[in-house]
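# Analysis of the macromolecular model
Single-letter residue listing:
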Amino acid sequence: MDGNRFDDRPADLVLLGPPGAGKGTQARILQERFGIVQLSTGDLLREAVAQGTPAGLAAKDVMAAGGLVSDEIVIAILRDRLAAPDCAAGVIFDGFPRTAVQAEALDALLADAGRGIVAAVSLEVDDAAMVARITGRSTCAGCGEGYHDDFKRPAVAGVCDRCGGTAFKRRADDTAETVSARLAAYHAQTAPLIDHYAGQGLLRRVDAMAPIDEVTAGMAAVVETALA
Ligand code: ADP
Ligand code: AMP
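This section reports on the structure supplied with the text. (Residues numbered from 1 in each chain as written. Chains lettered and ligands numbered in written order. Predicted model: local features only at pLDDT ≥ 70, side-chain atom pairs only at ≥ 80, totals over all residues. Heavy atoms only, no water.)

## Some thoughts on the packing of helix H2 (residues 41-51) against helix H3 (residues 54-65)
Interaxial distance between H2 and H3 falls to 8 Å at its minimum, and their mutual angle equals 115°. One element, H2, and the other, H3, form an angle in the roughly perpendicular class. Once H2 is placed against H3, the crossing between them reads as left-handed. Contact with H2, carried on its side by Gly42, Leu45, Arg46, Ala48 and Val49, involves Gly56, Ala59, Lys60 and Met63 of H3 and no other residues of that element. Looking at the contact of H2 with H3, its residues break down into five nonpolar, two polar and two charged. (Axes fitted to C-alpha atoms, helices over the stretch in contact; angles between N-to-C directions. Helix = DSSP H or I, 4+ residues; strand = E, 2+ residues; numbered from the N terminus. Parallel < 35°, antiparallel > 145°, perpendicular 65-115°, else oblique. Left-handed = near helix turned anticlockwise from the far one by under 90°. Contact = heavy atoms within 4.5 Å. Nonpolar A, V, L, I, M, F, W, Y, C, P; charged D, E, K, R; others polar.)

Structure representation (structure tokens):
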């Protein structure tokens, strides 16, 4: 990907919302539609765990328990990924920042590169619905396309719509037991960032209890307006 659809400036967007709100689902769609790279710190950390890197080893147990990995580790991983050439045209930050320290670090990193966040979208959901969203989640092992047992099934059962793969995986931390810890971490440490971005005039709220395509329409409108 060598440029976003808006071309004249980097399109950096932050997605806020609790686990299960639909950040990854929407980020993948926006990436395809607008040419803005999805950067998920959860994906980067899972990769580090799978590879057994020092960061992965430090993060593994915290992730399994539904806590937040240290700012130091996450910011270092994010900084490395952000330096890659494909991020130059803009990034959809999915699952980052999650703490005030991370938000300050992101503002500074982007400012150093002469860019900045154009909108922070808060996906607004009811906590009570997140257990079902998270425990029903799966992804295609081949291409990473996301599915849900009830809300987003492949057109042909057991076959990925996107790549035709037949192997699907579920995350080890997607259990009913971890959901309350993950939601608690969200409310204690991440929800306050809504005020951080509201204070900068960047906050946009989207009703994410609606069906996936309606949420996409709301988000696309935000992106179009922010970059018009
Ligand atoms: P997050 O990245 O915020 O943790 P995901 O995008 O992985 O959340 O979505 C969690 C689960 O909920 C996935 O299985 C996804 O298919 C499903 N999902 C996402 N958005 C919606 C929606 N608006 N309505 C119903 N299910 C949804
Ligand atoms: P996610 O894929 O966004 O649901 O993240 C999965 C897990 O990775 C979280 O429950 C945290 O343990 C960890 N994680 C992901 N992003 C961050 C972050 N920005 N700060 C701290 N921990 C994170």
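Okay, back to it.
## Focus on the pattern of salt bridges
In total, this model carries 14 salt bridges according to the counting rule given. Glu124 serves as the salt-bridge partner of Arg205, at 3.1 Å between the closest nitrogen and oxygen. Of this pair, Arg205 sits in strand S8 (residues 203-207) while Glu124 is found in strand S4 (residues 117-124), placing the two residues 81 residues apart along the sequence. The partner of Arg182 in a salt bridge is Asp174, and the shortest N-O contact between them spans 3.1 Å. (Salt bridge = Lys/Arg side-chain N within 4 Å of Asp/Glu carboxyl O.)

## Let's talk about a negative patch on the surface
A surface patch of like charges, here negative, comprises Asp126, Asp127, Asp207, Asp213 and Glu214. Secondary-structure assignment places Glu214 in helix H9 (residues 212-226). (Patch = residues over 30% accessible without salt bridge, like charges linked within 9 Å, V, L, I, M, F, W, Y side chains within 5 Å. Areas by Shrake-Rupley, 256 points an atom, 1.4 Å probe, with all protein chains shown as cover. Lys, Arg positive; Asp, Glu negative; His and termini not counted. Charge placed at Lys NZ, Arg CZ, Asp CG, Glu CD.)

## What about the sheet that holds strand S7 (residues 168-169)?
With antiparallel pairing, three strands are arranged side by side in an open sheet as S6-S5-S7. The outermost strands of the open sheet, each flanked by one partner alone, are strand S6 (146-148) and S7. (Pairing = 2+ DSSP bridges.)

## Some details on helix H5 (residues 100-112)
Over its 13 residues, H5 runs 18 Å from end to end, which matches the ideal 18 Å to within 8%, given 1.5 Å per residue. For H5, the complete set of buried residues consists of Gln102, Ala103, Ala105, Leu106, Leu109 and Leu110. Buried residues along H5 cover an arc of 160° about the axis, so they all sit on one side. In H5, those exposed residues whose orientation departs by more than 90 degrees from the buried face are Ala111 and Asp112. (Expected span 1.5 Å × (residues − 1). Buried < 20%, exposed > 50% of the residue type's maximum accessible area, 1.4 Å probe, protein only. Arc of directions from axis to C-beta.)

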